[in-house]
Amino acid sequence: MHDHAQAAQHAAPTGFIRKYVFSLDHKVIGKQYYGLGLLAVLIGMVLSWLMRIHLVWPNTPIPGLGLLSKTGAPGGVMTPEYYLQLMTMHGTLMVFFVLTNVPFAGFGNYFLPIQIGAEDMAFPRFNMMSFWTTFVAFLVLMAAFFVGDGPPLAGWTAYAPLSAVGADSGPGEAVGQTLWAISIAIFCIGQLLGSLNFIATTLDLRTKGMTLARMPVSTWAWFITSCIGLLAFAVLLPACLLLILDRVAGTSFFIPANLVVSDHLQPHSGGSPLLWQHLFWFFGHPEVYIAILPAMGIISHVLITSMRRPLLSHRVVIACMMSIGFLSYMVWGHHMFVSGMNPASSLAFSFPTLIITIPATILTLIWLGSLYGSRLQITAASLFSLGFISMFVSGGVSGFFLAQPSIDIYLHATYFVVGHFHMVMGVAAIFGMFAGTYFWFPKMTGRMMSEKLGKLHFWLTLVGTYCIFMPFHYLGLAGNVRRYSSFVDDFMKPLMPVHKFMTIAALLTGAAQLIFLYNLIHSRFRGAPASANPWEATSLEWTTASPPPVDNFGGKHPVVYHDPYQYSVEGAAKDYIMQDSPEPAAD
Amino acid sequence: MGKFFAITIVIIALASAVPIVRHTWAPPQNISVHGSAIDDQMSETMVEAGFSFLAAQFVLAVLVWKFSSRPRDAKVTKFPGGAKGLVIAALILVGSEILALGILGQKAWASVYFTPPAANAIPVQVQAGQFAFYFRYPGPDGKFGPLHPEKIDEANQNFFGVDVDHDPESKDDIVTAELAIPVNRDVHLLMHSKDLGHSFYVRELRIQQDFVPGLDLSLHFTATKTGKYEIVCTQLCGLGHYNMKAYLEVMPQENFDKWLAQQAALQ
């Protein structure tokens, strides 16, 4: 632990560019990540609408779509390949630029330094670089919409050799797929810089009295996530580089000999498609936890404040998050049960996957057990946190099926899988983002969001997302295959009414997000002024002004006396004791 | 508002469970010998996962109902048993579930992958390519001729790249676009891909296996019920992926023999 003299310090910038664009301030960078995530989620959501509309009304022209791609959607009617191209972009945007950017890089950047009493990140320049690197990755990905025959169609998992052999394998597989691989490689660099920064900051810049055990659960979640990210993106980066080489330099890392694609014998030999799958999922499974762990931290932090009590055990919660992070590196092969890898290894990957249920169950039981006897206050933030628990359970139990190789034989590549990961890493993580937004908005802007609109947004989103994603599981049980642009098989045709229901639910739930957007923008300028601590919370971010000054604590150096969550302490003057208050507390 | 949350969650949980309990959308009837073990495994998992799902949602609802909107001076009390009790409960409950499912599940998996094909199994070569499956039977000599990818010529119906002029073993091979097999007899699929990753999925057989370019994979199964079923591709393989399918026809042995003779005559 360092004294503050060594902490990164910088004076308040004055010019617009240094203040808002190339800012070194972790709070501005956090907001930039959030803003980029918001842009990406809007695009990703519109893409999902277009896909859902195409699935159920395949011949209905979609106004304006023809402008996006004349060949992909002539007259506004999507071709089968354009469906796959939009699907690839939807997945890539959501997983990388939304689920990684917002709960981890966005909120983490803004609040990790403040929650440990630091003035900034350990390496502010690195921090600025990590955001702008990510931004460049975003631009490169978006460029794929406007080149040649458009974005790639190989899905966000970019399985080789479909993604590796170039234009022969299909539309978008020429320039589009190369841009995709370059974009993800750049993204990895941004995440590696960010993860290193988070780790160094957590270990080095904690203020006096802020022991590791006294860090809020959200800080712990970001810290563990950054450790996962450092290992995961360090594997995806070389994988993407090898893919780029296969595509542009004629190497054969992922392409075996004797492939005849579009009547062309491919000039490659010696590569392995399974190598790509191993490298991709070695990153890909931990990535699920990169999305969900920060959300767990955020909703725990919000719930504790709303329940006016700490969780039953701070240490057990942290230990569970750590063991989930650790186990996440031993389970990647469960994505490959039917991939043709040695069937004995499927059993080896299945067991740790099932074991991961244990820390996940303990976490859920601790959230539930902590609700018992609490004084739960219902706010938009706490509603989304409770919704997270419900979603996490719903998405989690379906993982129990997919963790077993024998059941995966039937359910693999069906909509059951799509339902599973959308609920557990998509919707649950997004609920975490909403909870974080409603909770921290006053701190970030000095204004309150409308609670009324926030609650309305919650009810519509909770019911809406269940209506969209629960039926995915039913379709999967019936054997409905994913990544089909239309359902021509006899057994899938009777499932169309379910698809129609889901499409309508998706359109309505998506429209309900406009309430959130309105609330966000309107409250930013017209919201009621927020005090420094509107939720009567205890952690350090609530000891400073809203929004915090450039150096976070206005020249003061907070000293920490307690565990982070001193609520309802017997004998205390109020029902909470701030972490920097010398008042005697329970710990 | 907490009560409203509780009611909503209970309604969502019950409504979600209805189609499962009523089997509104369920796997079709199993027609393979190994499939029943997979079905049993699935049913047991459904019971355990379904119970965990409903229990967790109901407990969440009850707790929010009971402990939201309490007066400001209400005393905050601890959960009896505390974190320790919950950790032990999770370890015992989930641990035993995992052991049970993990061990039972290995049996079902082993019946598919760790048993050798029967001695009288019918070998069928399956080739996947954008966007069709082709099947090859070895003919009377029981041997498949070698493949020459550079000779693949779809315009002239040489889907596999065989060389009948130079390879005597290829001469009697029978290539079809439909997979016909006899009922109650082991079938040994020898799978390879011509171009990219594909997959072989027949719901009724409880079989799904990827084709991996560069790898020769094999799989065996015994179908127990005659009929016509769809084989579909489940590994994203390009623009025609949704339309990549073939039919599996399970028929009595004598019909199969007749069918094979007809196909041989067409070559």
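Just so it is clear, the structure is predicted and the values come from calculations on it, not from any experiment.

Here's the deal with the overall build of chain A
And step 1. Across its full length, chain A holds 16 helices and four strands.
And step 2. Its C-alpha atoms give chain A a radius of gyration of 24 Å, within 12% of the compact-globule value 25 Å for 587 residues.
And step 3. Taken along its principal axes, the extent of the C-alpha atoms in chain A is 80 × 50 × 45 Å.
And step 4. The burial tally for chain A puts 65% of its 587 residues in the buried class.
And step 5. Contacts in chain A between residues at least 24 apart in sequence constitute 79% of all its contacts with a sequence separation of at least 6.

Considerations on the environment of Ser390 of chain A
Residues and elements named next belong to chain A.
And step 1. Within the secondary structure layout, Ser390 lies in helix 12 (residues 380-402).
And step 2. Take Ser390: there are 26 C-beta atoms within 10 Å of it, and that puts it in the buried class.
And step 3. Separated by 38 residues in sequence, Ser390 and Ala428 place their C-alpha atoms 8.5 Å apart.

Points about the sheet that holds strand 1 (residues 122-129) of chain B
All names here are of chain B.
And step 1. Spatial ordering of the open sheet is given by 3-2-1-5-8, a layout of five strands whose pairing is mixed. Only two strands of the sheet have a single partner each, and these edge strands are strand 3 (174-176) and strand 8 (217-222). Taking the axes of each pair of neighbouring strands and ignoring which way they run, one obtains an average angle of 25 degrees across the sheet.
And step 2. Here seven bridges tie strand 1 to strand 5 (residues 186-193), and the two strands are oriented parallel to one another. Along strand 5, the bridge assignment pairs Pro123 with His188.

Concerning the domain arrangement of chain B
All names here are of chain B.
And step 1. Partitioning chain B into structural domains gives domain 1 (2-70 + 80-113) and domain 2 (122-266).
And step 2. Spacing between the C-alpha centres of domain 1 and domain 2 amounts to 39 Å.
And step 3. Across the boundary between the two partners, domain 1 contributes ten residues, which contact ten residues of domain 2.
And step 4. Here the residues of the side of domain 1 that touches domain 2 sort into five nonpolar, five polar and no charged.

As for helix 4 (residues 80-115) of chain A
In an α-helix, one turn spans 3.6 residues; hence positions three or four apart end up facing the same way.
Residues and elements named next belong to chain A.
And step 1. The end-to-end C-alpha separation of helix 4 is 49 Å, in line with the 52 Å expected for 36 residues at 1.5 Å each.
And step 2. When the local axis directions of helix 4 are compared, the greatest deviation, roughly 55 degrees, occurs at Asn101, which is followed within four positions by the proline Pro103.
And step 3. A large share of helix 4 lies buried, amounting to 35 of its 36 residues.
And step 4. Positive backbone phi, approximately 80 degrees, marks Gly117, located one or two places after helix 4.

Brief notes about unusual backbone geometry
Excluding glycine, residues mostly have negative phi values, and the peptide bonds linking residues are mostly trans.
And step 1. Note that the residue after Ala160 of chain A, namely Pro161 of chain A, is joined by a cis bond; omega there is 5 degrees.
And step 2. Structurally, Pro161 of chain A is set in the loop between helix 5 (124-143) and helix 6 (175-204).
And step 3. Note that the residue after Ser546 of chain A, namely Pro547 of chain A, is joined by a cis bond; omega there is -10 degrees.
And step 4. One non-glycine residue, His23 of chain B, lies in positive phi territory at about 55 degrees.
And step 5. Relative to the elements of secondary structure, His23 of chain B occurs in the loop between helix 1 (2-21) and helix 2 (35-67).

What to know about the nonpolar core
And step 1. Of all hydrophobic cores here, the largest spans 274 residues; its most connected members are Ile292, Ile366, Ala428 and Ala435 of chain A.
And step 2. Considering each element in turn, this core owes the most residues, 21 residues, to helix 4 of chain A.
And step 3. Each of domain 1 (2-70 + 80-113) and domain 2 (122-266) of chain B gives at least three residues to this core.
And step 4. When residues no more than four places from it in sequence are discounted, the contact partners of Ile366 of chain A are Leu311, Leu312, Ser313, Val316 and Val317 of chain A together with Ala83 and Leu86 of chain B.

Quick look at the interface of chain A and chain B
And step 1. Of the residues lining the interface, 89 residues belong to chain A; the matching set on chain B comes to 86 residues.
And step 2. If you list the elements that add at least two residues to the side of chain A that touches chain B, you get helix 4, strand 1 (260-261), helix 8 (273-307), helix 10 (343-355), helix 11 (357-371), helix 12, helix 13 (405-411) and helix 15 (451-477) of chain A.
And step 3. Taken together, the residues of the side of chain A that touches chain B sort by class into 57 nonpolar, 25 polar and seven charged.

Structural notes on the packing of helix 8 of chain A against helix 14 (residues 415-445) of chain A
Residues and elements named next belong to chain A.
And step 1. Following both chains from N to C, one finds helix 8 and helix 14 inclined at 40 degrees, their axes separated by 8 Å at the closest point. Considering their axes alone, helix 8 and helix 14 lie oblique with respect to each other. Every pair of crossing elements has a handedness; the one defined by helix 8 and helix 14 is left-handed. The residues of helix 14 that touch helix 8, namely those facing Val288, Ala291, Ile292, Pro294, Ala295, Ile298, Ile299 and Val302, are Val424, Met425, Ala428, Ala429, Gly432, Ala435, Gly436 and Phe439.
And step 2. Classifying every residue of the contact of helix 8 with helix 14 by side-chain character gives 14 nonpolar, two polar and no charged.

What to know about helix 8 of chain A
All names here are of chain A.
And step 1. Given a rise of 1.5 Å per residue, 35 residues ought to cover 51 Å, and the 50 Å separating the end C-alpha atoms of helix 8 matches this to within 8%.
And step 2. With 31 of 35 residues buried, helix 8 is to be regarded as a mostly interior element.
And step 3. Arg308, located one to two residues past helix 8, shows a positive phi value of around 55 degrees.

Side note on the environment of Lys500 of chain A
Residue and element names in this part refer to chain A.
And step 1. You can see Lys500 is positioned in helix 16 (residues 496-526).
And step 2. Among the residues examined, Lys500 registers 14 C-beta atoms within 10 Å and is labelled partly exposed.
And step 3. Taking the C-alpha atoms as reference, Lys500 lies 22 Å from Leu411; in sequence the two are 89 residues apart.

What counts and how
Residues numbered from 1 in each chain as written. Chains lettered and ligands numbered in written order. Predicted model: local features only at pLDDT ≥ 70, side-chain atom pairs only at ≥ 80, totals over all residues. Helix = DSSP H or I, 4+ residues; strand = E, 2+ residues; numbered from the N terminus. Rg over C-alpha atoms; globule rule 2.2 N^0.38 Å. Buried ≥ 20, exposed ≤ 12 C-beta atoms within 10 Å, placed from the backbone. Contact = placed C-beta atoms within 7 Å. Pairing = 2+ DSSP bridges. Axes fitted to C-alpha atoms, helices over the stretch in contact; angles between N-to-C directions. Domains from an automatic or database assignment. Nonpolar A, V, L, I, M, F, W, Y, C, P; charged D, E, K, R; others polar. Expected span 1.5 Å × (residues − 1). Bend = angle between axes of the 7 residues up to and from the residue. Core = buried A, V, L, I, M, F, W, Y, C linked by C-beta atoms within 7 Å. Parallel < 35°, antiparallel > 145°, perpendicular 65-115°, else oblique. Left-handed = near helix turned anticlockwise from the far one by under 90°.

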